[in-house]
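# Coordinate analysis (summary)
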Amino acid sequence: MKNVFRKTVILTMMLFGGNCLYAQNKALVNTAASPFAKLSSVNMDEVIWTKGFWADRFKVCRDSMLPNLWKIYTDPTMGHATQNFEIAAGLDTGTHVGPPFQDGDFYKLFEGVAAMYAVTRDQKLDALMDKTIALFAKAQRPDGYIHTPTLIDERYHPNSSKAFGDRLNFETYNLGHLMTAACVHYRATGKRSFLNIAIKATDYLYRFYKTASPELARNAICPSHYMGVVEMYRTTHDPKYLELAKNLIDIRGLMKDGTDDNQDRIPFRQQTQAVGHAVRANYLYAGAADVYAETGDPTLMHTLNLVWDDVVNRKMYVTGGCGALYDGASPDGTSYLLKDVKEIHQAYGRDYQLPNLTAHNETCASVGNVLWNWRMLQLTGDAKFADIMELTLYNGMLSGISLNGKNFFYANPLSVADDLPFQQRWSKDRVSYIAYSDCCPPNVIRTIAEVGDYAYSIGDKGVWVNLYGGNNLSTNLKDGSKIKLSQQTDYPWNGKISIRINEAPSKPFSVLLRIPGWCTTGAQVTVNGKPVHICLIPGEYAELNRKWHISDKIELWLPMPVKMVEANPLVEEARNQVAVKCGPIVYCMESAGVPKGTKLFNLSLSVKGILTPQKIVIDNSDLVALTGKASLEDTNWKDKLYHEVSAKAPRSVNIQLIPYFAWDNRGKGEMETWIPFSR
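Thresholds applied
Residues numbered from 1 in each chain as written. Predicted model: local features only at pLDDT ≥ 70, side-chain atom pairs only at ≥ 80, totals over all residues. Heavy atoms only, no water. Helix = DSSP H or I, 4+ residues; strand = E, 2+ residues; numbered from the N terminus. Rg over C-alpha atoms; globule rule 2.2 N^0.38 Å. Buried < 20%, exposed > 50% of the residue type's maximum accessible area, 1.4 Å probe, protein only. Disulfide = S-S within 2.5 Å. pLDDT = per-residue confidence, 0-100. Contact = heavy atoms within 4.5 Å. Core = buried A, V, L, I, M, F, W, Y, C linked by side-chain atoms within 4.5 Å. Polar contact = N/O pair within 3.5 Å; in protein donor to acceptor, adjacent residues only side chain to side chain. Pairing = 2+ DSSP bridges. Axes fitted to C-alpha atoms, helices over the stretch in contact; angles between N-to-C directions. Salt bridge = Lys/Arg side-chain N within 4 Å of Asp/Glu carboxyl O.

## A closer look at the overall build of the protein
Looking only at helices and strands, the protein has 16 helices and 25 strands in total. For 679 residues, the compact-globule formula gives about 26 Å, and the C-alpha radius of gyration of the protein, at 25 Å, lands near that figure. With respect to the principal axes defined by its C-alpha atoms, the protein has extents near 80 × 65 × 50 Å. A total of 679 residues make up the protein; the buried ones form 61% of that total.

Printed below as a string of structure tokens:
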């Protein structure tokens, strides 16, 4: 059926031109015609957040996050992003300022603006994008190449500057984000201005891979272009783009000096575990999932399943964060030959190697985890991927930005201690601009602008409800029939969810409700007040199939008791400790929530203790804290490596835990996610 749909789309393009696609497919990740994807996305303008958690985050994104970061990126004394394009276009003089991946990060920010425009139709955003696209067009070479560090260098050193000469120049990373942003802009506006730039750039990349030497062709890191090229194929239906995407997978791991850090020491299809730089890895896995959606190559899915199992069961933090190590070596412990040991950084470590104080957990790696699991969900319809996506959105991703939307984390440790006697590479406090590595702020901001695109999916059976939050949905089923529904809930603080049918076709269809894996007991569902006797299995979708009528009301109840979870004992740094969860939210303690002067490491919880939800407000954001008691041992560890266990009974103190994503919004202090406990 999907193959027929694809042929129809291509024929329509031939007859009427590419703009006909605008009326049909405006999804963020467009798998509507992907023959090996079970689900497809709703259009970007079809989900409107109305009230509650994601409505609040979306509002902060609209009013604070996007305007603030755009100002930073266009400030010549800070971001210098637009100035780089002006110099590359010959409109100004000067040198390139910023990291070589600055262009790609600006494209990510642009994508966030386009996604916001898709929902708000703010004409100021439209005008801003038009102006910026004109600048991109002036900077692009006639042959399609666009990368401001090289273009600026060409102006001063025309005989020595060379495209793709240095794999650390991030050209393909930048081009990949250009492609994705251009597709999102085209679907949001119907304008081809940016898409035409992306077509020229993708054509250049196609020609490059056709003519470059094998070693030079494999010279790419942080493969956002895998996702970008496939999305260009889905948008233009140019078969050479799919050919390019397949070739990118085929040649990976064939170069002589490949490394685990870049996931190219061995061919992709031979990989069985997650290794190396976590952002590059998660981008690679997301891109490979995109290629599978179009080709159905079972060898790709085999690798993706093996690596996913490795990440989720041995290498992912309780927050969904990825990339435990600042620096390390790989292979580690598998060879006695020094020549086989290679440097890795910001990387996945060994199985169960999940430190807390020194955890890296780059925000971009969490975004990559969302991108990867979203695609796996679209391919399979398996709720386990939605569970990881939700976990990461609420915790590992959202921790990367402050509640007011103006300050950021690059790394996201699980604990922070004032007494740690060494300086880490990245700040322990949120900062307004991450000099030289500002890749995370635009990544997290575009994700927040696009969360609505992850809330629902469409499949042959009907509509899948992936994420819960107050919103209105207006979309079409696979057969084109119109449906509208509204969702009311205080999720993630409360598990009561109400869904009202506002428009439905005359024939039956299914509403599939995700029963989160964390909801292990007590889930209930009613329709129009009457219990529905179906199996509500944690970690699966519950299917409600019937002929729906206007005003039909689905009510889902997901109990949210406070839970203490423990890690596999092989996770050394979490032994005899617990993490506290309530629904999808991971909690932590910070200095602002305990008696003044208390060292968090001296506190412990009782598994029999009661933690009570309490509504609070931090920096104008409504949250739910957990209040209770903890045991405090007054131990002085100054200048001591070891200490005899005291027989003195600890005293009880009041504590408050807050969502992990919200820490460091109440001033400088310590933080702890894994907390010692007693039974």
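Still more ground to cover, so stick around.
## Thoughts on the state of the cysteines
In total, this model carries 0 disulfides according to the counting rule given. Summary of cysteine pairing: cysteine 439 is not part of a disulfide, and the nearest cysteine sulfur, belonging to cysteine 364, is at 3.8 Å. Cysteine 440 takes part in no disulfide bond, and the closest cysteine sulfur to it belongs to cysteine 364, at a distance of 3.6 Å. We classify cysteine 440 as buried; its relative accessible area is 1%.

## Some points on the confidence of the model for the protein
With 95% of its residues at a pLDDT of 70 or more, the protein shows a mean pLDDT of 93. Contacts from residues 4-23, a stretch scored under 50 in pLDDT, to residues over four places away or in other chains number 35 contacts.

## Regarding unusual backbone geometry
Note the cis peptide between tyrosine 491 and proline 492, where omega equals 10 degrees. Secondary-structure assignment places proline 492 in the loop between β10 (482-489) and β11 (496-503). A positive phi angle, near 55 degrees, is found at glutamine 263, a position not held by glycine. As for its position among the elements, glutamine 263 is in the loop between α11 (239-251) and β3 (276-277). Since its relative accessible area comes to 1%, glutamine 263 is described here as buried.

## Brief notes about the nonpolar core
Within the largest apolar cluster, 229 residues are counted, with the highest numbers of intra-cluster contacts made by Phe194, Leu513 and Leu558. Setting aside residues up to four positions removed in sequence, phenylalanine 194 forms contacts with Tyr107, Phe110, Ile133, Phe136, Leu178, Ala181, Ala182 and His185.

## Notes on the environment of threonine 295
Among the secondary structure elements, threonine 295 is positioned in helix α12 (residues 278-295). Separated by 49 residues in the primary sequence, threonine 295 and lysine 246 place their C-alpha atoms 8.5 Å from one another. If sequence neighbours within four positions are ignored, threonine 295 has contacts with Phe36, Leu242, Lys246 and Leu300. Among the polar contacts listed, one links the side chain of threonine 295 to the backbone nitrogen of aspartate 297, at a separation of 3.3 Å.

## Observations regarding the sheet that holds strand β5 (residues 342-348)
The 3 strands lie next to each other as β3-β5-β4, forming an open sheet whose pairing is antiparallel. The open sheet has two free edges, formed respectively by β3 and β4 (325-330), since each of these has just one partner strand. Strand direction decides the pairing type here: β4 and β5, joined by 5 bridges, are antiparallel. Bridge pairing in β5 places serine 330 opposite lysine 342. Contacting β3 and β5, α12 crosses the sheet at an angle of about 70 degrees to β5.

## Remarks on the pattern of salt bridges
Pairing is possible between side chains that carry opposite charge, provided their charged atoms lie close to one another. All told, the structure shown has 38 salt bridges when counted by the stated rule. Across the pair aspartate 310 and lysine 315 runs a salt bridge whose closest N-O atoms are separated by 2.9 Å. Residue classification places aspartate 310 among the buried residues on the basis of a relative accessible area of 2%. Between aspartate 387 and arginine 514 there is a salt bridge, and its shortest N-O distance comes to 2.5 Å. Here aspartate 387, found in helix α15 (residues 383-397), pairs with arginine 514, found in strand β12 (residues 509-515); they are 127 residues apart in sequence, far enough to count as distant. For the pair aspartate 387 and arginine 514, a shared accessibility class is recorded, and that class is buried. Several salt bridges share partner residues, and in doing so they unite Arg187, Glu231, Arg234, Asp290, Glu294 and Arg375 into one network.

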